[in-house]
Structures are given as structure tokens and as C-alpha cells.
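# A look at the structure
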Amino acid sequence: MSGPEAAGGGPLIHRRYVFGLLLRLCVNFAGGVGILFVILFFALSRSLPGDYEGVFHALRNLSPFLRPILAVSVLVYALLACGSTSALCVYILHKVAGPLYRMELILDQYRSGATTRTVSFRHDDQIQALAHAFNLWIGTLRLDRHRWLATMMDAERHCLQDEATCRAKMEEALRKVAGDMARYR
Amino acid sequence: MRKPVLHPLRPRIRYVNPRFQGPAVLAFAAIVATGGAIFWRLVDSEFQRVFLHAAIRGHYAFDSTYDIVRDLLAWHLAGLFVGVFLTGSVLVLLLVAATRHGIGKAVDSLRGSADGDLSTPTGTGSIGEFHRFGKKIDAARSDTLASVLKIRSEAAALADGGISPEEFRLRWDELKHRIRGIAP
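So, here is what we can say about the structure in this document. Every chain is numbered independently, its residues counted from 1 as its sequence is written. To label them, take the chains in the order written and letter them from A, then take the ligands in the order written and number them from 1. Per-residue local features are limited, in this predicted model, to residues with pLDDT of at least 70; the limit for side-chain atom pairs, both in listing and counting, is 80 or more; totals at the level of whole chains, interfaces and linings are taken over all residues. The basis for every side-chain value is the complete set of heavy atoms in the structure, and neither hydrogens nor water enter the calculation.

## Looking at the overall build of chain B
For the purposes of this entry, the term helix denotes a DSSP run of H or I that reaches at least four residues, the term strand denotes a run of E that reaches at least two, and both are numbered from the N terminus. Per the secondary structure count, chain B includes four helices and zero strands. By the compact-globule yardstick of 16 Å for 184 residues, chain B is too spread out, its C-alpha radius of gyration being 33 Å. C-alpha extents for chain B along the principal axes are approximately 115 × 65 × 20 Å. Taking as baseline every contact in chain B between residues at least 6 positions apart, the subset at least 24 positions apart corresponds to 56%. Here the radius of gyration uses the C-alpha set of atoms, whereas the globule reference equals 2.2 Å times the residue count to the power 0.38. What makes two residues a contact is simply this: any of their non-hydrogen atoms within 4.5 Å.

Dropping the structure here:
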């Protein structure tokens, strides 16, 4: 399921991951239906009485028992299928939910002013492009920061000379830094 | 004899995000429950009809009630499986499309930020978790932009001159400190 958004950083969600999810869902639902079949098979496969009258009465009187049998069977199916599907969802979707959660933590950390480290997800996680894009942004910011500081430090070296030259170089550096920052909008 | 170096086993981290996985789990559970309810309604009415018909018809050539409804049950079970699986598949594809759209926008936004665009909203859409995530990215970008603009205006003000050497030096050092605070 690659898309134009993901260009350069690999597909956001791999096709293999989607097919794997669909296959697991298929097996899961098939298992649920299989269990429902087994329950109904055992509920309905009791032998009928041998004589004609017995069979007639058994079939006529089946209605009051049929509804609860079906209801309980479907309830068991629903509970089992819901439980296993939920477990499957949590297990499979954590490959998307995990990176999202991780990125949220890193964004909170970044906003708090703490040191931000390069982000890398687990190798089998999806949305890897998000980590690459975040690292690209932080990397660019750091490069700019280094350049601005280098410009200022370079101006400071002129302070070994006279005061006027030092001040002129510092102001020139400040104008350069301010001009460089103009690309941020 | 050299002993093999034993590396401690790192526990596998499994992040669970209930805000993302929770609605998906509920949606799948709703599909299964709805499928089960429809199956129950259909099979119940069909079985009532079929058993009554079999009782009246006579010629009881079967050993159990299962023999009467075997085909009917098989068709309904197949219908239940196909219905639930197809609806579940559509939900999976919708989830994937929503993720691609939401995260794709976030990736575009971060790439744009690397080019200096920190003000265009991420636009992850209105889907719960992605909307919240987009807001977080926008907040981080907005903080960065505010910080850069503040430094820029301070740098421009200092460059204009007219400040005493002592004050200039103080503000110069302060500015350097602020620049060090960008993406620490």
C-alpha cells in the first residue's frame, strides 16, 4: 500500500502487512464459524425417536428449545470471535499504534526542551517514513543551529583585535544569522 | 577454555495505543456481533419453518434434526463467514487508507518543516487519533517557529546597533544560549 506520500522513505504501510492482516482475519473468522458449526452440530445431531409418532412430536415440540439453543450458540460464537479478533487487532495494529505512540512521546519530549535523539522504530514496524521525516527535520534544524553558532563564534574571534572591528563583525554575523533564519516561515 | 559471551535478553517492547487500537477493536466486535445477530434471526425463522414442514410432510427418512437442516445450516454458516469477512476486509482497507492519509500528511508536513515551512497546518484530517497526532506535530513546529522568530528579531535588533557595549555583550551571550536551545 505504498503511496505518493511515502516517496523516498519506503511505503507507509507494506502490502505484505495488509495481506497478512486479511489472512489472519480470514482464519480467525473461519475458526469462529467452525466453532459455531460444531456447537450446532452437537445440538442438532441427537437421534430422533424410532417411531413415526415420536418423530412427529419431537419435530413439533422442537421450537421452544430451538431458540435458546441458537441464541446460546451464536452468543458463544460472538464472544469467541470478538475476543480473538480483538486480540488479533491489538497484536497486528501495534505495528502502527506503537510508532505513533513513540512519536507522540518524542514530540512531547522535544517540546519540553529535553535532548531529542534520533528516532528509529522496530524493524517490522510500519510508517517508518514518519521516523525518517522527523529525523530529517531535526537534523536540518541542528545543522542550521551549528551554522548560526559557528557564524557567531567566528565573529567573536575578531574580538582579539580592536573593539570597533569586533563589534562590526558581530553585527555582521547577526545580520547573516537573521537573514539565514528568514527561510523559516 | 573461553566462555561464550552471554548478552542479556532485551525485552520486546510492545506499545499499545488504546486510542488507536480501541476503536478498531470495537468496530470489528460490532461486525462480528451484527453478523451473529443476523445469522440468528435468519436461521431461527428458517429452522422453525423447516422443522414444522418436515413434521407435517411425513416420510421421516432422517436420523436426526441435523439431517433436515444440513444444507440450510451450511449455506447460512457460509453466508455468515463471507459477510463478516468481507465487512472486516472493508474495515481493514478503510483503516489502511485512513492511516496512509493521516500519516502521509504528517510525513509531508515534517518534510516541509525541514525546508523551513513551519506554519502550514499538517491537515491530517478529522479522524480522532490522526487529528490529535497532527495537532501535536503542529504544536512542535509552532514552538520551533516561535523560537526562531524570537531569535531572529533579537538578532536583527542587536545588528541595528545603538546599544552600549556591555548590554550588547550580555544580549549576544543570551542569544547564543537561545540558539543552543533549538533542537537540543
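## Looking at the interface of chain A and chain B
Each partner contributes to the interface: chain A provides 102 residues, whereas chain B provides 100 residues. Buried area between chain A and chain B, both sides added, is near 9,100 Å², and the carbon and sulfur share of it is 73%. Criterion for a salt bridge: a side-chain nitrogen of Lys or Arg within 4 Å of a carboxyl oxygen of Asp or Glu. There are six salt bridges connecting chain A and chain B. Arg67(A) is paired through a salt bridge with Asp44(B); the nearest N and O atoms lie 2.8 Å apart. Under this definition, polar contacts are N or O atom pairs within 3.5 Å; protein pairs additionally need one hydrogen-donor-capable and one acceptor-capable atom, and for neighbouring residues in sequence, both atoms have to be side-chain atoms. One can count 22 residue pairs in polar contact (both at pLDDT 80 or more) joining chain A with chain B. Going through the elements one at a time, helix H1 (15-44), helix H2 (52-60), helix H3 (63-112), helix H4 (128-156) and helix H5 (163-181) of chain A are the ones with two or more residues in the side of chain A that touches chain B. If one sorts the elements of the side of chain A that touches chain B by residue count, H3(A) sits on top with 29 residues. Amino acid classes used here: Ala, Val, Leu, Ile, Met, Phe, Trp, Tyr, Cys and Pro are nonpolar; Asp, Glu, Lys and Arg are charged; the rest, including Gly, are polar. Grouping the constituent residues of the side of chain A that touches chain B by class yields 68 nonpolar, 15 polar and 19 charged. When two components associate, each loses some accessible surface as probed by a 1.4 Å sphere; the sum of these losses over both components is called the buried area.

## Remarks on H3(A)
A bend of about 55° at His94(A) is the largest found in H3(A). With its phi angle positive at about 90°, Gly113(A) sits one or two positions after the end of H3(A). For a residue, the bend is simply the angle between two axes, fitted respectively to the seven-residue segment ending there and the seven-residue segment starting there.

## Things to note about the packing of H3(A) against helix H1 (residues 18-57) of chain B
What describes two packed helices is the angle between their axes and the distance between those same axes. Two elements in contact, H3(A) and H1(B), have axes separated by 7 Å at closest approach and are oriented at 160°. One way to sum up the angle between H3(A) and H1(B) is to call them roughly antiparallel. The crossing of H3(A) and H1(B) is right-handed. Of the residues belonging to the contact of H3(A) with H1(B), the class tally is 26 nonpolar, seven polar and four charged. Fitted lines through C-alpha atoms serve as axes, helices being fitted only where they are in contact, and the angles separating the N-to-C directions of these axes extend from 0 to 180 degrees. Every angle not falling under 35 degrees, over 145, or within 65 to 115 is termed oblique; those three ranges are roughly parallel, roughly antiparallel and roughly perpendicular. By convention the crossing between two helices is left-handed if the near helix lies anticlockwise of the far one by an angle smaller than a right angle, and right-handed if it lies clockwise.

## Section: the environment of Met152(A)
Its place among the elements puts Met152(A) in helix H4. With 55 residues separating them along the chain, Met152(A) and Ala97(A) place their C-alpha atoms 43 Å apart. Look past the residues within four positions of Met152(A) in its chain and what remains in contact with it is Ala173(A), Leu174(A), Val177(A), Trp172(B), Leu175(B), Lys176(B) and Ile179(B).

## Quick word on the packing of aromatic side chains
We call Phe, Tyr and Trp rings a pair once their centres come within 6.5 Å, taking the six-membered ring for Trp, and we label the pair stacked below 30 degrees between planes, edge-to-face above 60, and tilted otherwise. One pass over the structure, following the stated rule, counts 10 aromatic pairs over all chains. Plain terms: the ring middles of Phe37(A) and Tyr66(B) are 6.3 Å apart, the flat faces sit at 65° to each other, and that makes the pair edge-to-face. With Phe37(A) in helix H1 and Tyr66(B) in helix H2 (residues 65-114), the pair connects residues from two separate chains. Burial classes: relative accessible area under 20% of the type maximum marks a residue as buried, over 50% as exposed, and values in between as partly exposed (1.4 Å probe, protein chains only). Judged by relative accessible area, Tyr66(B) falls into the buried class, the value being 10%.

## Describing the nonpolar core
We define a nonpolar core as any set of buried Ala, Val, Leu, Ile, Met, Phe, Trp, Tyr and Cys residues linked to one another through side-chain atoms lying within 4.5 Å. In terms of nonpolar packing, the biggest core is built from 106 residues, with Leu130(A) and Phe47(B) touching the most fellow members. With 17 residues, the single largest contributor to this core is H3(A). Those residues in contact with Leu130(A) that lie beyond four places of it in its chain are Met103(A), Phe121(A), Ile103(B), Ala106(B), Val107(B), Leu110(B) and Phe133(B).

## Here's the deal with the packing of H4(A) against helix H4 (residues 165-180) of chain B
At a minimum axis separation of 9 Å, H4(A) and H4(B) run at an interaxial angle of 155°. Classed by the angle they form, the pair H4(A) and H4(B) counts as roughly antiparallel. In this structure, the crossing between H4(A) and H4(B) has a hand that is left-handed. Contacts between H4(A) and H4(B) involve Arg145(A), Trp148(A), Leu149(A), Met152(A), Met153(A), Ala155(A) and Glu156(A) on the former and, on the latter, Arg169(B), Trp172(B), Asp173(B), Leu175(B), Lys176(B), Ile179(B) and Arg180(B). Considered class by class, the residues forming the contact of H4(A) with H4(B) number eight nonpolar, no polar and six charged.

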